Structure formats: C-alpha cells, structure tokens
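Observations on the model geometry
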Amino acid sequence: MIEPRYRWQFPEAIAIDSGLQAAAERHSLDERVAGLLARRGLLDGAALDSFFAAPLDSLHDPRLLPDADVFADRIGRARAAGERILVFGDFDADGLTGLAILTITFRRLGIEAIPYVPSRLDEGHGLSRTAVAAAREAGATVIVTVDCGTTSLPEIAEAQALGIDVLVTDHHRVPAELPNAVAIVNPQRPDGRYPERRLAGSGVAFKLAQLLLADEPDGPEAALALTDLATIGSVADVVPILGETRAIVQLGLERLRAEPRPGIVALLASAGVAAAAIDMETIGFALAPRINAAGRVGEALVAARLLLAEDAAEANALAAELEAANLSRRDMTKQAVGEARTSIAVLVDGVETPPPDAPATIARGPWPVGIVGLVASRLVEEMGRPAVVGAELGPVIRASCRSDGSLDLGAALEACTDLFIRFGGHAGAAGFEIATERWPAFVERFTALAAVAAPRDPRTAVSIDLALPASAIDYSLHRSLARLAPCGAGNPEPVVAVLGLVVTRSREVSGGHTQLTLKRRLDILDGIAFGRSDLATTVSEGDLVDVVGRLTSRRFGGFESLQLEIRDVATSGTHREAAVILGLPEATDAAAGAVAIAGALA
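Below you will find a few notes about this structure. (Residues numbered from 1 in each chain as written. Predicted model: local features only at pLDDT ≥ 70, side-chain atom pairs only at ≥ 80, totals over all residues. Heavy atoms only, no water.)

Brief notes about the side chain of S119
Defined as follows: Every helix listed is a DSSP run of H or I at least four residues long, and every strand listed is a run of E at least two residues long, numbered separately from the N terminus. Exposed residues in this analysis have more than 50% of their type's maximum accessible area, buried residues have under 20%, and partly exposed residues fall in between, with area computed by a 1.4 Å probe over protein chains only. In the analysis that follows, any N or O atom pair within 3.5 Å is treated as a polar contact, provided that within protein one partner can donate a hydrogen and the other can accept it, and provided that, for residues neighboring in sequence, both atoms belong to side chains. Should any heavy atoms of two residues lie within 4.5 Å, those residues are counted as being in contact.
Inspection of the secondary structure assignment puts S119 in the loop between β3 (112-116) and α6 (129-138). With relative accessibility at 11%, the residue S119 sits in the buried group. Engagement of the side chain of S119 in a polar contact is seen with the backbone nitrogen of D122, the distance being 3.1 Å. Those residues in contact with S119 that lie beyond four places of it in its chain are F91, G124 and E299.

Here's the deal with the nonpolar core
Among soluble globular proteins, nonpolar side chains are generally buried collectively. Quick reminder of the rule: We define the nonpolar core as a collection of buried residues of types Ala, Val, Leu, Ile, Met, Phe, Trp, Tyr and Cys that are connected through side-chain atoms lying within 4.5 Å of one another.
Core analysis: the biggest nonpolar cluster contains 72 residues, and F71, I75, I85, F106 and V144 have the highest contact counts within it. At 8 residues, helix α8 (residues 201-213) tops the list of elements feeding residues into this core. When near neighbours in sequence (up to four residues on either side) are disregarded, V144 contacts F71, I75, I85, L86, V87, F88, L102, F106, L167 and T169.

Focus: the sheet that holds strand β13 (residues 429-435)
The pairing of strands in a sheet comes from backbone hydrogen bonds and takes either a parallel or an antiparallel form. Our working definition: Between any two strands, pairing holds if DSSP finds at least two bridges. With axes taken as lines fitted to C-alpha atoms, and helix axes fitted only over the stretch in contact, angles between N-to-C directions fall between 0 and 180 degrees.
The 5 strands are arranged β9-β10-β11-β13-β12 in an open sheet whose pairing can be described as mixed. Looking at the sheet topology across the chains shown, the edges are occupied by β9 (361-365) and β12 (420-425). For this sheet, the mean inter-axis angle between neighbouring strands, taken without regard to orientation, is 15°. Each of β9, β10 (387-393) and β11 (396-402) touches helix α16 (residues 372-383); the most contacted strand, β10, lies at about 150° to it. Along the sheet, helix α18 (residues 439-453) contacts β9, β10, β11, β12 and β13; its crossing angle with β9, the most-contacted strand, is approximately 165°.

Things to note about the sheet that holds strand β4 (residues 140-146)
Read from one edge of the open sheet, 5 strands run β3-β2-β4-β5-β6, paired in parallel fashion. Since the sheet does not close on itself, it has two edges, and those belong to β3 and β6 (183-185), each with one partner. With direction set aside, neighbouring strand axes in the sheet form an average angle of 20°.

Comments concerning the packing of aromatic side chains
To keep things clear, this is the line we draw: Centre distance within 6.5 Å is the pairing criterion for rings of Phe, Tyr and Trp, where only the six-membered ring of Trp is used; planes under 30 degrees apart are then read as stacked, over 60 as edge-to-face, and the remainder as tilted.
All chains considered together, the criterion is met by 10 aromatic pairs. Their ring planes at 45° and their centres at 5.5 Å tell us that F420 and F423 sit as a pair that is tilted. Since its relative accessible area comes to 11%, F420 is described here as buried. The partly exposed category is assigned to F423, whose relative accessible area is 31%.

A closer look at the pattern of salt bridges
Under the convention used in this document: What counts as a salt bridge is simple: a side-chain nitrogen of Lys or Arg found within 4 Å of a carboxyl oxygen of Asp or Glu.
Counted under the stated rule, the structure contains 32 salt bridges. The residue R364 makes a salt bridge to E392 at a minimum N-O spacing of 2.9 Å. One end of the pair, R364, is in strand β9; the other, E392, is in strand β10, with 28 residues separating them in the sequence. Residue R364 is classed as partly exposed on the basis of its relative accessible area of 31%. Residue classification places E392 among the partly exposed positions, given a relative accessible area of 33%. Close ionic contact of E493 with R550 constitutes a salt bridge, the shortest N to O distance being 3.7 Å. Pair noted here: E493 is in the loop between α19 (475-482) and β16 (496-509) and R550 is in strand β19 (residues 544-556), with a separation of 57 residues, a long-range link. On the accessibility criterion, E493 (42% relative accessible area) is partly exposed. Shared partners join several salt bridges into a network, and the residues in it are R5, R532, D534 and D568.

Quick word on helix α7 (residues 153-161)
This is how the line gets drawn: The arc refers to the directions leading from the helix axis to the C-beta atoms.
When we look at burial in α7, the residues that qualify are E155, I156 and A159. In an axial view of α7, the angular spread of the buried residues amounts to 95°, which keeps them on one side of the axis. Each element contacted by the buried residues of α7 is listed here: α6 and β5 (165-169). One or two steps after α7, the chain reaches G163, where phi turns positive at roughly 85°.

Section: the pairing of strand β20 (residues 559-571)
Two strands pair when backbone bridges link them, and strand β18 (residues 524-529) and β20 are joined in this way by 3 bridges, in the parallel orientation. Bridging from a neighbouring strand, I528 pairs with E565 of β20. Taken together, the 12 bridges between β19 and β20 define a ladder with antiparallel strand orientation. Among the inter-strand pairings, R555 is bridged to a residue of β20, identified as E560.

Remarks on helix α4 (residues 68-81)
How we decide: What a helix should span is 1.5 Å times the count of its residues minus one.
An ideal rise of 1.5 Å per residue puts 20 Å on 14 residues; α4 measures up with 20 Å between its terminal C-alpha atoms. Among the residues of α4, those classed as buried are A68, F71, R74, I75 and A78. One side of α4 holds all its buried residues, which, seen down the axis, span an arc of 135°. Exposed side of α4, more than 90 degrees from the buried face: D69, A80 and A81 are the residues found there.

Here it is as structure tokens:
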C-alpha cells in the first residue's frame, strides 16, 4: 500500500448560484473552475467579474488612503521650498523596491531624495535613531519611511524634536498607540476607508507615486512604469495576489517582460533568465532572493542602488556584488539549517530525529541575523509545523518566525508582548527581539500557543482545489485553470487530485525526481514528481493510484499533451472522499477500494 506523505484536504461541495454561473459563462470559464473560485471566496457574479477585470480598471483612487492628502501636501511644500527628503526603506525586497519607487518619484518632481537602508544587524527593523541622525547631518527636513514606521514611536518623537517631519508609509499591523508622525499612510489603519487593505509596502509606495504624479506631464504613465518594482516587492513579501495587488502584478509582469530597467536586466543575466520568460516563479526564486541577499549578508544599500541604476555598466557591477552575496547566503543558510536540525534533535534508537510530538520547531544559535528567516522557512517545509529561529547576539536574541498555516504568528506574538524588546509581523511571518534570559519563558509560552492550534494529524496538509476522476481531466479544464494566473499567496496554483489511475511505468530520473506514466481508460498522462525520488521505489507498475499535483501541458513536435506535476501519491481507496467521487461503494479498507477501482477501470 502506498501511504501518502501529506494530509489530503479534499474540497467541500459548494453550490454555485445563478449569478456566478452566468458570470462564468460570460468569461467562458469552466464550471468546475468557477466552483473552485467560489470556494476561495468569489461567491457571486460581481466578484468573478472583478477577478477577471482589466488591471487598470482594478486600481483604486490613491486619495482614499489614510492621510493621503496630508502626505501629498507635505511633499508639495517640500518641493516648493527645495527641501531634502531622506527615504528610509526596510532592508528586504518589499522595502527596497518601495524605497526605489518613492525615490524615483521624488526625483521626477525635482526633489532631492536621499535613499537610506538600515543595517539589519546594527539597526534592525523600523526607523532607527541612526537614520534620524543621518537625516539631520544630511540636512533633510523630511523623512519618508517605506514598509515600516507604524510602530517607531520613540524614533519619530526624536525626529520631531530635531525639527524633522516624518511621513510613514507602511502596511503592517497597527498598534493601539500610533506615533506622532505628520502622516501615517497605512491601509491597515482601522479608521481607514481604502478598499484594499492587503497591499504590500511597495504597493502603498506605488499608490503614493500615482497620487503625486497624477497632475504632472506624462505623470500617470510614469507612475504605471513603477508597477514592475511594486510587483517584485509584493511577490517577495507574500501578500495575497488578489484585488488591487493582482492588478498591480499583472501590469508589472508586462512591464518586466517588455521594458525591464537596467538593474533588473543585470539581475536576470545573473540568474540566466530571459526577460520574456519572467513569471511569478522567476520573481520569487531568482529576483527577490538576490535583492534580499545584500541585506542578509552585507549592506542592502547595494540592492537599492541597483534598482535605481540608470546605467548598464553600473547595474552589472552592482548585480555582481549581489550575486556574490547570494552565493554566500546559500552556503550560510545550508550550514545553519544543519546546525538547527542537530540542536532540536532527540535520539531515537541511536538516531538523531526531530521531536515527533513538538507543535513547533524552535531553535537558536550563533547564526547571522540575516538568514534566520530562511532557516525558519526551511524547517517549516521539512517538518510541517511553525518554526522560530533565533540569532544569538550576546545579551539579546533576534528571531524570525514562519508559519505552516496552522498558527497566526502575529496573534501568537501579541500574546507574548511582555517578553519582547520589540516585535512585528503578520499571520505567516513575524520576528522579534528578546533579552536572552527571557528566551526560556518565550519557548514555554509559544509552544503552548502552538499546541492549541496544532492539527491532530501531524503530516503537512495539502489543500486540494479540485478532485476529479481521471477521465474528467481535459484541455478545457487546463485552459480555465491557467486563467487564474498570476498565482501566489491568496490565489495559489490550483492543486488537483486525479483519481483512479493505473501506473504503467515508474522510474527515478536525474536530480532526485520520479517519472510516472499513468493510464486512464483510453490514453495516458505523464507525471513528474520533483524531489520525490522515494516514489520510484514505493510506486510500481500495475499499482492503482490517486495523485495530487498541478495540471500542466507541454508542446512537442507541434502537439500538446497534458502533464501532471505530482506532489503526492496514494493507493486508490485510501481516502473515503476519492471513493465517493469515483462513484464506488465506500471501502472498508484500502485493498478493497483498490479492487473496486480496478473493476471500474476494466
């Protein structure tokens, strides 16, 4: 019997109302995909129409942002008086792209803009006193924060005392007490009325660029040209690719493919990717890691200079620095992950094994601050539970947290507020700084919170969007699923369970993958399971299986054929839901289920 590695979560049945059905017909959308979108929250025709609307029609009026008018007025006065502005951007890809957006915008307005990126190690997240001092020394009378600042109360108070006005642009959780800034442009503000609360920091920066350039000659077009940067920041920060962000990403992808700026051209060359081939995966796995690398193992200002570069030679030199930093980051991450595994392992029959019942993975060590988030992400992937990884810095520990989806990290850290020096984040990713002597108390409390949220089945869940008999998999379905792109957080790549297949070939291929040839009634489907070399030994010719994966296609010799990118495999009959969908009597065990399916396929 083939045991699934993951915990399969089958989709619930949902009724499609007449309005949604009519909208699906208007958009020539497969009814099965309309049901998928309904399960994702698009419950009526208006919601479906909005999802498939032209991107430009989905951009909201930036004047609806909280304090948008105050922000525009203060920038206008700075422009008229010839004031200098220090643009303070966080050191990750979202903050850096947002910094570039506003720096480019201010310079287009004739304002002297000084980009400033803090040191991850020395200054940490949020507006720093070091930056305030730098603004004063540079003669800047305005500081504009990007992707941070909502919680920087003492730093903003210090700036105000020095006669420096602070304008906050951010998208993070809003605390009970707001800083005394001139403007706080954050769609998360509870008193706000902006229609899209889920924008990234770079998305907020883009909207402010639209606001400031609206009445300038060729200004609206210049603002839209910044969607490439907002797209990179939005994908890197894993905000939902829905609503206005979906529109920004659609526009930004077009821009990246057609007219990439010099810095992006240089990054693509480093990654070996052609501009015309840029997709969400390129951004997530080629561009964003390189932009982030400088802040993780060096100075993130290098990445900011790259994004602002107008000369190809300068961009190529800066991209080479980022490539070196990225290679160093990979090596350090690999070593730290290994050390973290060892630090949390227990001996089972003389073999080091992760604690089987732990609701969360928690580790600390002498690792660079810039890579602990990457280590946490890797541990989540490997162990299927929330992870917290701390960098030991003597009297304090700086930690990054990542969730597997079972635990809201933002809420969990709020329950530990009294233990922290500072903290921030959202449901999926967060971080904090804590005095070293308080670490044990945090571990105890966080573990208890994770235990309450932990699912009974410890296997990582795979959420299935559609579960269908193999005979129902067709090109119409594939074309409709492809229309959900661009996919990402909040709008993930559709996962399909294909039920009732006969394995005619199973073999391991180079790279640690398994290739499966799967037969249905009249034809076959080729499948590839990336990173699942184990399937080559557990799945054999003649096995009756259900598979979970992504439906794709390829063209060869002028012909198109459907393919499956397989994530998991189980013996047919393992899941009760599969038997019901196949119209078979509910089996009392897997063997009986397999016999019934074999009979149905005969």
